[in-house]
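# Descriptive analysis of the structure
This is what each chain is made of:
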Amino acid sequence: MDIKDIKALYRFLKTTDIVEFELEDSRGKVKMRLLQAAEGAPETRALPKPSEGGKKEETREELKSNLKTITSPMVGTFYRSSAPEAESFVEAGSEVKTGQVVCIIEAMKIMNEVESEYTGRVVAVLVENGQPVEYGEPLFNIEI
Amino acid sequence: MDIKDIKALYRFLKTTDIVEFELEDSRGKVKMRLLQAAEGAPETRALPKPSEGGKKEETREELKSNLKTITSPMVGTFYRSSAPEAESFVEAGSEVKTGQVVCIIEAMKIMNEVESEYTGRVVAVLVENGQPVEYGEPLFNIEI
Amino acid sequence: MFNKMLIANRGEIAVRVIRACRELGIKTVAVYSEADREGLHVKIADGAICIGPARSSESYLNISSIISSVEVVDADAVHPGYGFMAESAAFAEVCEKCGIRFIGPASSVIRLMGNKIQAKKEAEKARIPVMPWSGCALKDEKDAMEVSKKIGFPLIIKAASGGGGRGMKLVHTQAALGSAFHMAAMEALSAFGDGEVFMERYCERPRHIEIQIMADEHGNVVHLGERECSIQRRHQKIVEEAPSPAVDEKLRHRMGEASIRLAKAIGYTNVGTVEFLVDRQKNFHFMEMNTRVQVEHPVTELVTGVDVVKEQIKIAAGGKLPFRQGDIAMKGHSIECRINAEDPVNFIPSPGRITELRLPGGPGVRVDTAIYCNYTVPSHYDPLLAKLIVHAPTREAAIKKMAGALDEFHVGGIKTNMPLLREIMKDHEFIAGNTDIEFLSRFS
Amino acid sequence: MFNKMLIANRGEIAVRVIRACRELGIKTVAVYSEADREGLHVKIADGAICIGPARSSESYLNISSIISSVEVVDADAVHPGYGFMAESAAFAEVCEKCGIRFIGPASSVIRLMGNKIQAKKEAEKARIPVMPWSGCALKDEKDAMEVSKKIGFPLIIKAASGGGGRGMKLVHTQAALGSAFHMAAMEALSAFGDGEVFMERYCERPRHIEIQIMADEHGNVVHLGERECSIQRRHQKIVEEAPSPAVDEKLRHRMGEASIRLAKAIGYTNVGTVEFLVDRQKNFHFMEMNTRVQVEHPVTELVTGVDVVKEQIKIAAGGKLPFRQGDIAMKGHSIECRINAEDPVNFIPSPGRITELRLPGGPGVRVDTAIYCNYTVPSHYDPLLAKLIVHAPTREAAIKKMAGALDEFHVGGIKTNMPLLREIMKDHEFIAGNTDIEFLSRFS
């Protein structure tokens, strides 16, 4: 285990809330205690940061492996239902199945249905009806 | 695991907020507890480097605490003796005492005697007779 | 004037357009792919919108995504920069239909000039010299043989829908003609979706000299003099200058007048560039017209004092040109070097993180760039890192200034072509102004 | 022309001089203190020599060290920049005696203009308006009382050997005069080693406007128009522009002629600046003459097209001015902002490591700086990080360009005065051109 490995390990730890760590493997054993857990934005975070101009937020909940996010596949306007007076496709709490339509993104006058990639329960609707969304913008959190 | 590895490790730790650290591998086992975490802890912080343009080198030997360096107190021309035909003040191997003249730096037509700050043995004369030197340039290594 | 402009591009040209808009009081929205989240254009625009993944075809070349972005952010105009959508007649046409002002000429004019056969015909109609050519698309191998007798060798086969040097075949003998014809047609079809090719006499070791024109929507057309762009590698320019050491006032006037004739003949509006090959006897021959702002526009800006991008936007907003031909003079000399993230010897791209950066500065030095220290150059797009442009009273002084600025310019972490550029600035032939489009292939 | 120049300075002006030398084909040697090992001037010069520890008095102000460096590296000329040795008659005199060309006027002229009493007398002799004043040094408190009756209140007491605003006392009433006189004399003695003070009528809310002159060693003297430098904090300029919104062609001519008269009267050679206070009735009054290149010289360069530093070196090498007064015209408008490492509110210096840096660029934007990403700004020297200079066709366009460039300019890791500069660019009074030397103290 050389200094490079240790640095990489430290960088990883700083993306987490781990304050004590021990590892033992074929190469040896390492143990560290950190003064502080990572705050929202640790300096050495390797994940892409959201741009200053963009709206996309890192969803911390992604860290929990059973929480998934449905993101917008295109730029457009987000609609929760097929028509103004119609019911929403899903609400917080709804159960969804893979392939089920969860919303519509209007782009260039065309209504594009967005299907869930997961089977599970909607825990949050992240965008309000009628709001513009950019590519990759989180729309729903799904607990699987 | 030699002192170089340990130094590198310590330098790295001082850029982090790690306060306790233990490592055990094929080379052995090391354990450190630090009194203070680094402020701000910038992982990429670099130690001051010698400039590309300057001639001064970090003298590794300084690390050995019994090896000292006499540096030039001014910009000028380095002379090992008081006159072209005269004997050098010191040679490699000479014993010197604090206050003993070891060379002359000529600046603005004035001959400035440089005295040893140490009592010890000259182990190296680092500049050739008649060469220009800059402020702080190492002139002699002295073993005390 | 426009209220909000969507900048449908990335890198230094997006930054350049944002700067022009800001000075004109136009709000800006940058678009970016997922690979460009940290792009400087995203940081300095008033707003930004992610339009797709890293692949250009799904982001910067995605018409639906861009038009949708314009609608979502409620922009009234879109600037295509150069590359990507800049010469897409289809994109310009969608903009026209959606009531979005595309900053460029009419889609019909883009389409006309995009077809190199049509463009040559228009040039001939406007009495502009062209190299002897087939006059239309080659029907088949037999047709090619017939035409070659009239034109003579060496000749070159080009794609009607090509441009920028792609899909060209140089033919030295009749024996090689047949297979060259078939290969060219096949390549054209696969590269541009259009197998039409034509043939023209090959001009040996010409200079590449182009004329910047500006045409408003009120019938005024002015040229801003020439740019010398002969220093190219595989048809990619790397050093450009204005004026050209080969062009005197008389030749400038003739080439300028020819360019204006063409622009007027095709109803051109906005900024555009007419590219010529100039042979060693200083005869000029129409090559093609670029219906957009050029990478190398800054050299024209520095010698004429005209802000090409600002004028381009003002023209699109219906403004009249604020100058006449007589007001335009070239003052001093300007040189641009394109600094690319690539190995200076084998030209292999070198994307990655910029760990150190020192930009040159001082009097007469301009840097157009979207890089900064700790920025990671993505591998998905062209390797242009920065345009270094200098202006000095004479060509000799400009070369010295460029050499010094290149020496100061320091990029750590990735490779750049600066060692090559520094060599060019010291080259005797370059210093003497003896360049042609084969200069770089002779360069050791 | 010189063979090798020692640059007896640091920071952006050292970089500026190195660039000028490089274009003139002069080899350069940078000097640096131990705190400046990583200085950009050290990196870009042909050679570099360490001259002492961080303290200026032992390095950049150490005459022996600098002269010795010139001898050791075998330079034939030394450029003092501004500050440090630039107005040291003693240093210039040593250079003269050692046969080293000091880039500046004769030591006798530096000494003459360094004494503000002598300078005022010379100005009066050259028929240049001065504020009513004591005419010579004040002998004692009684003398001060007598003179004050003639001059009237408010008045100001200044040190003969002062300059740059240090050691001045503003006096509003006769009652306050006695103690003000003694304090001024004491301060002058401790700050400049010379207790001589004089008195002059205080000009209320004047503009600070200065004339750039150039004088060769063949008797030719030309002025390059004015610079408006009213935006100051404690006599430190932070925004400068050319031309001044308060100066028309007629006033420029009168101030220029007056400056040339003074230069000729004292046998001035090299570049220099004559500083005036201009009151609200547009009367101008001689203040002092700076016998060196100014920090703000770039605004003059951008509007006149003259490279002030190159011309300065050419003059020192015995060259004739390559232009006459009639060749000089001010074209467009230029503004400079001094970007300092300091808190924008309380002005406390903010040295330290620059962790992020994005410089502005594009057309009409010039950056003169010695900083770069990961550079550590030492705490030992003045806080100037960069000069941001813009050039545009009109003052309005220049302000817009500066506002945009300031928005783009990003320095991470230390504080800068950019928030203040950005506010100034938005200020209605500034935009209207209504500035005077109290502008910034009124600024909230």
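Please refer to the structure placed before this passage.
Please read all numbers here as calculations on a predicted model, not as lab measurements.

Attention shifts here to the pairing of strand E8 (residues 120–125) of chain A. For a regular strand, side chains alternate in direction, first toward one face of the sheet and then toward the other. All names here are of chain A. As paired elements, strand E5 (residues 95–96) and E8 share 2 bridges and run antiparallel to each other. Among the inter-strand pairings, Glu-95 is bridged to a residue of E8, identified as Arg-121. Relative to strand E10 (residues 138–143), E8 is paired through 4 bridges, and the arrangement is antiparallel. Looking across to E10, one finds that Ala-124 is bridged to Asn-141.

The next thing to look at is the packing of aromatic side chains. In the structure shown here, the tally under the stated rule is 16 aromatic pairs over all chains. Note on Tyr372(C) and Tyr375(C): the rings are 5.1 Å apart at their centroids and 45° apart in plane angle, and the pair reads as tilted. Assessed through its relative accessible area of 8%, Tyr375(C) is described here as buried. Where Trp133(D) meets Phe198(D), the ring centres are 5.7 Å apart and the plane angle is 85°; that geometry is what we call edge-to-face. On the criterion of sequence distance, the pair formed by Trp133(D) in the loop between helix H6 (116–125) and helix H7 (141–151) and Phe198(D) in strand E8 (residues 197–201) is long-range, its members being 65 residues apart. Each member of the pair, Trp133(D) together with Phe198(D), is buried. Note that Lys120(D) overlies the ring of Trp133(D), its terminal NZ or CZ placed 5.7 Å from the centroid. Positioned over the ring face of Phe347(D) is Arg233(D), at 3.7 Å from the centre of the ring.

For Glu106(B), the position within the fold is in strand E6 (residues 101–107). Here Glu106(B) is buried and forms no salt bridge, its nearest opposite-charge partner Lys109(B) lying at an N-O distance of 5.1 Å. Looking at Glu106(B), its side chain comes within polar contact range of the side chain of Tyr79(B), at 3.4 Å. Non-local contacts of Glu106(B), meaning those with residues more than four positions away in its chain, are made with Val75(B), Gly76(B), Thr77(B), Tyr79(B), Met111(B) and Ser68(D).

Across the contact, 29 residues belong to chain C and 29 residues belong to chain D. Between chain C and chain D, the buried area comes to about 2,400 Å², and carbon and sulfur atoms account for 53% of it. Together, Glu23(C), Arg358(C) and Glu408(C) form the three largest contributors to the area buried by chain C at its contact with chain D, with a combined 24%. At the junction of chain C and chain D, the tally comes to 6 salt bridges. A salt bridge links Glu408(C) to Arg19(D); its shortest N-O distance comes to 2.6 Å.

Ordered in space as E7-E6-E4-E9 (chain B), the 4 strands form an open sheet in which the pairing is antiparallel. The strands lining the two open edges of the sheet, one partner per strand, are strand E7 (110–115) and strand E9 (132–133) of chain B. Contacting strand E4 (76–79), E6 and E9 of chain B, helix H3 (residues 63–73) of chain D runs over the sheet at an angle of about 65° to E4(B).

How each quantity is defined
- Residues numbered from 1 in each chain as written.
- Chains lettered and ligands numbered in written order.
- Predicted model: local features only at pLDDT ≥ 70, side-chain atom pairs only at ≥ 80, totals over all residues.
- Heavy atoms only, no water.
- Pairing = 2+ DSSP bridges.
- Helix = DSSP H or I, 4+ residues; strand = E, 2+ residues; numbered from the N terminus.
- Phe/Tyr/Trp six-rings, centres within 6.5 Å; stacked < 30°, edge-to-face > 60°.
- Buried < 20%, exposed > 50% of the residue type's maximum accessible area, 1.4 Å probe, protein only.
- Lys NZ or Arg CZ within 6 Å of the ring centre and 35° of its normal.
- Lys, Arg positive; Asp, Glu negative; His and termini not counted.
- Salt bridge = Lys/Arg side-chain N within 4 Å of Asp/Glu carboxyl O.
- Polar contact = N/O pair within 3.5 Å; in protein donor to acceptor, adjacent residues only side chain to side chain.
- Contact = heavy atoms within 4.5 Å.
- Buried area = accessible area lost by both parts, 1.4 Å probe.
- Axes fitted to C-alpha atoms, helices over the stretch in contact; angles between N-to-C directions.

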